[in-house]
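Residue strings, one per chain:
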Amino acid sequence: MSPRLLLLPNRITCRALVAMTMIIAPAVARAQIAVIGSTVEERDAAPGQRYEGTIVVRNLTNQPQPVRIYQTDYRFFADGTSHFDSAGSQPRSNAAWVRPSISSLTIPPSTDVNVSYAVTVPAVDTLRGTFWSAVMIEGAPTAAPTAGAHEIGLGAVVRYAVQVATQLPTAGSRRVRMAKAGFVPDSGSTRTLAMLVENTGERAYRPNLWVELYDATGAQRARLEKQRGLLYPGSSLLQRFTFPRLPAGTYKAVVFADTGDETVSAAQYTLVF
């Protein structure tokens, strides 16, 4: 394996996923169904190749539960928002490649049911990087609880988004952009450095992020590390590093992002405690 290069800029630049739709608010809803196992289905596949997968859906109740299966695109951003756009509306959507075996079913009480799907990658040699979308598993709306004269009842729909990601064998770039999003005091005299991390390349990866903190003498005073989940092209996340209590002074923080490529990106900041 060839050695990795360190890219250091000269200046400072920088689930299970469950969506719950409230009919009326606010209250707590009980899930009637659940997706068992991983909600990120990631596979390598070449142009023209076909593969299959299975989503296990469990009825958590003692009553039959109707379930709807449909497709969307999926994006998420560092501000905490997730977007479930129309299937096929995003440039890197593979929704047209994915075919669930069924669009609706009724699950018997306390039973697991397998929902299969097939993915057929187009026989196009120019495809590069990662393409993805989501298969939505949606339960029936819950009944609104009985409300008093001055209360508001609530019904809810629980949806599970199963991400279906296809990694093409062609290289596809693994680029990352980092930006300082803030440096704030916390309780107990600790400090938190918030970093925006964006995938600006063509291939999804699970970034390994860490920060090294050095004092004015050059001695390392802290090292914090975090492995994150699959970050898609065009998506971003917010990573927080909380430093332990340290003497007042000026420190140098170097933040690293390993995307699995041969280079490790880094950004340097001056922090005053």
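Relevant structure appears above.
Residues numbered from 1 in each chain as written. Predicted model: local features only at pLDDT ≥ 70, side-chain atom pairs only at ≥ 80, totals over all residues. Heavy atoms only, no water.

Caption draft 1: Local environment of the environment of Arg203. With respect to the helices and strands, the residue Arg203 is situated in the loop between β15 (191-199) and β16 (208-214). Residue Arg203 is classed as buried on the basis of its relative accessible area of 7%. Between the C-alpha atom of Arg203 and that of Thr170, which follows or precedes it by 33 residues, the distance is 9.8 Å. Filtering out sequence-adjacent residues up to four positions away, Arg203 remains in contact with Gly129, Thr130, Gln167, Leu168, Pro169, Thr170, Ala171, Gly172, Ser173, Arg174 and Pro233. Of note is the side chain of Arg203, whose polar atom sits 2.4 Å from the backbone oxygen of Leu168. (Helix = DSSP H or I, 4+ residues; strand = E, 2+ residues; numbered from the N terminus. Buried < 20%, exposed > 50% of the residue type's maximum accessible area, 1.4 Å probe, protein only. Contact = heavy atoms within 4.5 Å. Polar contact = N/O pair within 3.5 Å; in protein donor to acceptor, adjacent residues only side chain to side chain.)

Caption draft 2: Summary view of the pattern of salt bridges. Going through the model one piece at a time under the given rule, you end up with 10 salt bridges. Where Arg223 meets Glu225, a salt bridge forms, and the shortest distance between an N and an O atom there is 2.8 Å. Taking relative accessible area as the criterion, Arg223 reaches 41% and is therefore assigned partly exposed. What you see here is one network of salt bridges that share partners, running through Glu212, Arg223 and Glu225. (Salt bridge = Lys/Arg side-chain N within 4 Å of Asp/Glu carboxyl O.)

Caption draft 3: Quick peek at the sheet that holds strand β9 (residues 98-100). Spatially, 4 strands are ordered β3-β5-β11-β9 in an open sheet, and the strand pairing comes out antiparallel. Looking at which strands have only one partner, the edges of the open sheet turn out to be β3 (33-36) and β9. In this sheet, neighbouring strand axes are inclined to one another by 30° on average, regardless of whether the strands run parallel or antiparallel. (Pairing = 2+ DSSP bridges. Axes fitted to C-alpha atoms, helices over the stretch in contact; angles between N-to-C directions.)

Caption draft 4: Inspection of the nonpolar core at higher detail. Counting residues in hydrophobic clusters, the biggest one holds 34 residues, and the most contacted among them are Met178, Leu213, Tyr232, Phe243, Val255 and Leu271. Of all the secondary structure elements, the ones that give two or more residues to this core are β12 (130-139), β13 (156-167), β14 (176-185), β15, β16, β18 (236-243), β19 (250-258) and β20 (263-272). Per-element tally for this core: the top contributor is β19, with 4 residues. What Leu213 contacts, discounting residues up to four positions off in sequence, is Ala219, Gln220, Arg221, Ala222, Phe243, Leu246, Tyr251, Lys252, Ala253, Leu271 and Phe273. One finds Val57, Val121, Leu127 and Leu168 within the second-largest nonpolar core, a separate group that totals 27 residues. (Core = buried A, V, L, I, M, F, W, Y, C linked by side-chain atoms within 4.5 Å.)

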